[in-house]
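# Tertiary structure, described
One letter stands for each residue in the lines below.
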Amino acid sequence: RASTVLSRYGVILAFVLVVVAFSIARPATFPTWTNAREILANAAPQMIIALGLTVVLVMQDFDLSVGAMASLAGGAAVAEMAAHGMAWQLAILLAVGLGILAGIAKGYLIAVLRGNSFIMTLAMGTILTGVEFAFTKDVTIFQGVPAAYVKIGSNSILGINNEVWFALAVAILLWVLLDATEAGRFMYAIGGNQEAARLSGIRVRTLRVIGFVIVSLTAALVGILITSGGGGTYTPSFGTYLLLPAYAGAFLGAACFRPGEFNIPGTVVGVALLATISTGLTFLNLQTYLINLV
């Protein structure tokens, strides 16, 4: 019984121990509501992408292009508003549309043409970066964006940054999809045995394509939130740093609640734990290289 409890809730126990340890080390600054809000805000982009990745990981697929997708979506939206005066609503639709098209393309290459998800999404990441630079000319953009767009990622509700609320909404929607719908059960079946799922009448190709569309949409959302939350600024390939932390959170989450099985609640805990550790190490005034080593 003890081993079963530890395997399911060991990550949560580690989370509690981390919070306690940093609270003891920095009692005046770490265990505060202000710091908790900052941790949540900093973790929100990685969490949204990790949640999208969880959907494809459930089906034993991978997507290495999510960082490039976030950069493309945010860059295209900002570039069109700044250079051509596009309305912010249309710029968001452009970013979302690019996410849908990229997801369909990846899904077709992998699910229909049976390409390897590692190779295809790695290649797609390079293609998306090329499209990004076609929109932005590979230059930093820091003006010309409407204030209404900036408010999307920078405003707060009840003292909590909007990005956190978006992350919460995505978590709830994808949790319902995977745990409370027939499609979600089919996705888990595909991950368990794709051929058996196909022979059982499950529309494997369609669901895998949907999975890649979902992860691309979450990446596009992150691109919008980062560029709007940063005051309407864009830096080329800003989404590169999102990939590994998102995967780390998703895989750490697979050791929580349902060991060995990717799940939405576990992903939320995994990303939050990593964000808490990173913030706590920063509070200890460690040098950057030491934080990365830890």
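Before any of the text, the structure's been laid out above.
Fair warning: this is a prediction, and the values are worked out from it, not measured in the lab. (Residues numbered from 1 in each chain as written. Predicted model: local features only at pLDDT ≥ 70, side-chain atom pairs only at ≥ 80, totals over all residues. Heavy atoms only, no water.)

A few words on the overall build of the protein chain. Tallying secondary structure elements over the protein chain gives 13 helices and two strands in all. Relative to a compact globule of 294 residues, whose C-alpha radius of gyration would be 19 Å, the protein chain shows 19 Å and is just as compact. Expressed as a percentage of the 294 residues in the protein chain, the buried residues total 47%. Distance between charge centres in the protein chain, computed from 14 positive and 11 negative side chains, equals 7 Å. (Helix = DSSP H or I, 4+ residues; strand = E, 2+ residues; numbered from the N terminus. Rg over C-alpha atoms; globule rule 2.2 N^0.38 Å. Buried < 20%, exposed > 50% of the residue type's maximum accessible area, 1.4 Å probe, protein only. Lys, Arg positive; Asp, Glu negative; His and termini not counted. Charge placed at Lys NZ, Arg CZ, Asp CG, Glu CD.)

It is worth spelling out the packing of helix H3 (residues 66-84) against helix H4 (residues 88-112) at this point. Orientation of H3 relative to H4, taken along the N-to-C sense of each, is 150 degrees, at an axis distance of 9 Å. Classified by the angle between their axes, H3 and H4 sit roughly antiparallel to one another. For the crossing formed where H3 meets H4, the hand is right-handed. Facing Met69, Leu72, Ala73, Ala76, Ala77, Glu80 and Met81 of H3, the residues of H4 in contact are Trp88, Ala91, Leu94, Ala95, Leu98, Gly99 and Ala102. Looking at the contact of H3 with H4 residue by residue, the classes come out as twelve nonpolar, one polar and one charged. (Axes fitted to C-alpha atoms, helices over the stretch in contact; angles between N-to-C directions. Parallel < 35°, antiparallel > 145°, perpendicular 65-115°, else oblique. Left-handed = near helix turned anticlockwise from the far one by under 90°. Contact = heavy atoms within 4.5 Å. Nonpolar A, V, L, I, M, F, W, Y, C, P; charged D, E, K, R; others polar.)

Turning our eyes to something else, we now look at the side chain of Thr279. Along the chain, the position of Thr279 falls in helix H12 (residues 264-283). For Thr279, a relative accessible area of 14% gives the class buried. With residues up to four places along the chain from it excluded, the contact list for Thr279 reads Asn35 and Ile39.

If you walk through the whole model with that rule in mind, you get eight aromatic pairs. Between Phe62 and Phe118, the aromatic rings sit 4.5 Å apart at their centres with planes inclined by 25 degrees, giving stacked as the arrangement. A residue pair is termed long-range when its members are at least 10 positions apart, and Phe62 in the loop between helix H2 (33-58) and H3 and Phe118 in helix H5 (residues 117-136) qualify at 56 residues. The structure contains a cluster of three or more aromatic residues connected by ring pairs, namely Phe62, Phe118, Tyr247, Phe251 and Phe262. (Phe/Tyr/Trp six-rings, centres within 6.5 Å; stacked < 30°, edge-to-face > 60°.)

Attention now moves to the nonpolar core. Membership of the largest hydrophobic core comes to 84 residues, with the highest contact counts inside it found for Leu53, Met69, Tyr149, Leu174 and Met187. Among the elements that line this core, the one with the most residues is H2, at 13 residues. Apart from residues lying up to four places away in sequence, Leu53 is in contact with Asp63, Val66, Val215, Ala246 and Tyr247. (Core = buried A, V, L, I, M, F, W, Y, C linked by side-chain atoms within 4.5 Å.)

The subject of this paragraph is unusual backbone geometry. The phi dihedral of Lys137 falls on the positive side, at around 60 degrees, and the residue is not glycine. Tracing the backbone shows Lys137 in the loop between H5 and helix H6 (147-154). By relative accessible area, Lys137 is classed as exposed at 63%.

Attention now moves to H4. When the terminal C-alpha atoms of H4 are compared, their 35 Å separation across 25 residues agrees well with the 36 Å that a helix rising 1.5 Å per residue should span. Among the residues of H4, Ala91, Ile92, Ala95, Leu98, Gly99, Ala102, Gly103, Lys106, Gly107, Ile110 and Ala111 are the ones counted as buried. Looking at the buried side of H4, the elements it contacts are H3, H5, H6 and helix H10 (204-229). (Expected span 1.5 Å × (residues − 1).)

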